[in-house]
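# Structure assessment
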Amino acid sequence: AMVESHLKPNQVAYNALLSACGRAGTWQKALEVYGSMKRAGISPSAQAFTALISACARKQEWARAQELFKEMGRERVRPNAIVCTALIGAYSRAGRLDKALDVIRAMRAGKVTPTRVTYNLLISACVKNHEMDRALIVFDIMAAAQTHPDVVTYSSLMSGYAKRQEWRKALQIFRHMKEQKHQPNVVAYSALCSAYTAAKQWRKAEELELEMLDDGIQHTLISYTSLIGAYAYGGEWAKALQRLDAMQDLDMKPDVFTYNRVIRALRKAGEPDKAMEIFSRMTEASVEPDAITYDSLAQDPFEVHDQPLAQRIPRGQFDADLSMIDALPHDDADGTYSIVVAAAEAGSDDDEEDVEGATPKASSRAYRI
């Protein structure tokens, strides 16, 4: 429409195009739009760089995201918390946890205040990389900065304890969350259920289900599959099978994760014929088997092999000092820390933009551990 009316795109139009590329993860197209923007003599804003870095992050192009962040400094655009969070996301998606930690350290040095979303993203990245001790340090820093945790924060921590098979600590986090007047959602309940699953505490999982339903929260497919997993890991194959059969009455369609848990429970219990029956139901329902399905059918299902890590009770007094961030292990050999500080110091002091949709919202969909 702009071309037909001979109108030239302005900064708002370019930002909209870049944001669309960011959401789609089409980083090549985003760079083309950025080049066109520069040729048109339009100065890029922090919003533009956020979209560019987000596009690279979705495809794990962390090196390109880092180069774009350097470009911000050259363009004298001061990074805000949103663009720094996007850079953390780029590093986190690519498994470059040390670089992500460097960014939040540099934010403090550059006087850029991290948001709750920033901390939550970093805690989640630590958990996914099995760095629970680092996640707890970030949690303490978050509290010391008087940035209050939310359900997303607590759910990530419970997921971390689930990976370590420390259900008591996951439960401690859950209870603390309730004490702080945060109402758990289905994500939080699923996270705690996964901790019970890993520890073979199926009775605890049953009790948790009752508590969840009493709170008026209905099952999702993932929370229900987590409960089936608790039976499967706990050796209660009959209960797992019973719950699978009940899914039709609940208007739920099992997916490959659901079937895998039941098949594994049956194989572990020495019921190969029943496992094959479930496999047949799975294929008849047009659910595509995966490698875990075939592995479970071919041999005794594997156990959880996570090695126990150092014991640590999460701090409840929130007495950490912000200087704790300096204790996070890091290596600035490639200059990640320096890049962020330099960009913050070189940028102009223009008012930060209110970027629509730039702050991620907590997902209402449960996730798998």
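As shown above, the structure is provided for reference.
Please read all numbers here as calculations on a predicted model, not as lab measurements.

Our next topic: the overall build of the protein chain. For the protein chain, the helix and strand inventory stands at 18 helices and zero strands. When the 369 residues of the protein chain are sorted by exposure, 51% land in the buried category.

With respect to the element layout, Val 127 can be found in helix α7 (residues 116–128). Owing to a relative accessible area of 5%, Val 127 belongs among the buried residues under this scheme. Excluding its chain neighbours within four sequence positions, the residues that come into contact with Val 127 are Met 132, Ala 135, Ser 156, Ser 159, Gly 160 and Lys 163.

Moving on to a positive patch on the surface. Side chains of Arg 23, Arg 58, Arg 93 and Lys 128 sit close together on the surface and give a patch of like positive charge. Note that Arg 58 resides in helix α3 (residues 46–58). Judged by relative accessible area, Arg 58 falls into the partly exposed class, the value being 42%.

Compared with the 20 Å implied by 1.5 Å per residue over 14 residues, the 20 Å span of helix α1 (residues 11–24) between its first and last C-alpha is a close match. Where α1 is concerned, the buried positions are Ala 13, Tyr 14, Asn 15, Leu 18, Ser 19, Cys 21 and Gly 22. The elements touched by buried residues of α1 are α2 (27–39) and α3. Where α1 starts, the residue carrying a side-chain oxygen 3.2 Å from the main-chain nitrogen of Val 12 turns out to be Asn 10.

Take the packing of aromatic side chains next. Counted according to the given criterion, the structure contains seven aromatic pairs. An angle of 55° between the planes, with centres 5.7 Å apart, marks the rings of Trp 167 and Tyr 196 as tilted. Of the two residues, Trp 167 sits in helix α10 (residues 167–179) while Tyr 196 sits in helix α11 (residues 186–198), which places them 29 residues apart along the sequence. Of the residues examined, Tyr 196 reaches a relative accessible area of 4% and is grouped as buried. For the pair Trp 202 and Tyr 231, a centre-to-centre distance of 5.9 Å together with 50° between the ring planes defines the contact as tilted. Note that Trp 202 is positioned in helix α12 (residues 202–214) and Tyr 231 in helix α13 (residues 221–233), a separation of 29 residues in sequence.

Structural remark: α-helix, 3.6 residues per turn; residues separated by three or four positions point the same way. A rise of 1.5 Å per residue sets the reference length of α13, with its 13 residues, at 18 Å; its end C-alpha atoms lie 18 Å apart and thus fit the reference within 8%. By the criterion of burial, α13 is predominantly enclosed, with 12 of the 13 residues buried. When we look at burial in α13, the residues that qualify are Ile 222, Ser 223, Tyr 224, Thr 225, Ser 226, Leu 227, Ile 228, Gly 229, Ala 230, Tyr 231, Ala 232 and Tyr 233.

A word on the pattern of salt bridges. Counted by the stated rule, this structure contains 18 salt bridges. Here Asp 133 makes a salt bridge to Arg 164, at a shortest N to O gap of 3.6 Å. Taken as a pair, Asp 133 in helix α8 (residues 132–144) and Arg 164 in the loop between α9 (151–163) and α10 lie far apart in primary sequence, 31 residues in all. Residue class for Asp 133 comes out partly exposed when judged on its relative accessible area of 32%. With its nearest N and O atoms 3.7 Å apart, the salt bridge here joins Glu 271 to Lys 274. Overall, the relative accessible area of 30% leaves Lys 274 in the partly exposed class. Linked by salt bridges that have partners in common, Glu 67, Lys 70, Glu 71 and Arg 74 make up one network.

What follows is about the packing of α1 against α3. At a minimum axis separation of 7 Å, α1 and α3 run at an interaxial angle of 20°. One way to sum up the angle between α1 and α3 is to call them roughly parallel. Every pair of crossing elements has a handedness; the one defined by α1 and α3 is left-handed. In this structure, α1 contributes Asn 15, Leu 18, Ser 19, Cys 21, Gly 22, Arg 23 and Ala 24 to the contact, and α3 contributes Gln 47, Ala 48, Ala 51, Leu 52, Ser 54, Ala 55 and Arg 58.

Its identity as a non-glycine residue notwithstanding, Gln 146 has a phi of 60°, on the positive side. Among the residues examined, Gln 146 registers a relative accessible area of 67% and is labelled exposed. One non-glycine residue, Asp 251, lies in positive phi territory at about 60°.

About the criteria used
Per chain, residue numbering runs from 1 following the sequence as it is written. Owing to the predicted nature of the model, reporting of local features is limited to residues with pLDDT of at least 70; listing and counting of side-chain atom pairs is limited to 80 or more, with chain, interface and lining totals taken over all residues. Processing note: side-chain calculations cover all non-hydrogen atoms of the structure and skip hydrogens and water entirely. A helix here means a DSSP run of H or I that spans at least four residues, while a strand means a run of E at least two residues long, and both kinds are numbered starting from the N terminus. Partly exposed residues are those whose accessible area sits between 20% and 50% of the maximum for their type, while under 20% is buried and over 50% is exposed, using a 1.4 Å probe and protein chains only. It only takes one pair of heavy atoms within 4.5 Å for two residues to be counted as in contact. By definition, no residue in a patch forms a salt bridge, and every one has over 30% relative accessible area; like charges are joined within 9 Å, nonpolar side chains (Val, Leu, Ile, Met, Phe, Trp, Tyr) within 5 Å. Note that accessible areas follow from Shrake-Rupley with a 1.4 Å probe, and for residues the cover is restricted to the protein chains shown. The salt bridge criterion pairs a side-chain nitrogen of Lys or Arg with a carboxyl oxygen of Asp or Glu, the two atoms within 4 Å. The charge count treats Lys and Arg as positive and Asp and Glu as negative. His and the chain ends do not count. Each charge is placed at NZ for Lys, CZ for Arg, CG for Asp and CD for Glu. A helix is expected to span 1.5 Å for every residue after the first. Pairs of N or O atoms are called polar contacts if they sit within 3.5 Å, as long as, within protein, a hydrogen donor faces a hydrogen acceptor (for residues adjacent in sequence, only side-chain-to-side-chain pairs). Stacked, tilted and edge-to-face are the three classes applied to pairs of Phe, Tyr and Trp rings, where Trp contributes its six-membered ring and a pair requires centres within 6.5 Å; stacked means planes under 30 degrees apart, edge-to-face means over 60, and tilted covers the rest. Axis definition: a line fit to C-alpha positions, over the contact stretch in the case of helices; interaxial angles, taken between N-to-C directions, run 0 to 180 degrees. An angle below 35 degrees is read as roughly parallel, one above 145 as roughly antiparallel, one from 65 to 115 as roughly perpendicular, and any other as oblique. A crossing counts as left-handed when the near helix is turned anticlockwise from the far one by less than a right angle, and as right-handed when that turn is clockwise.

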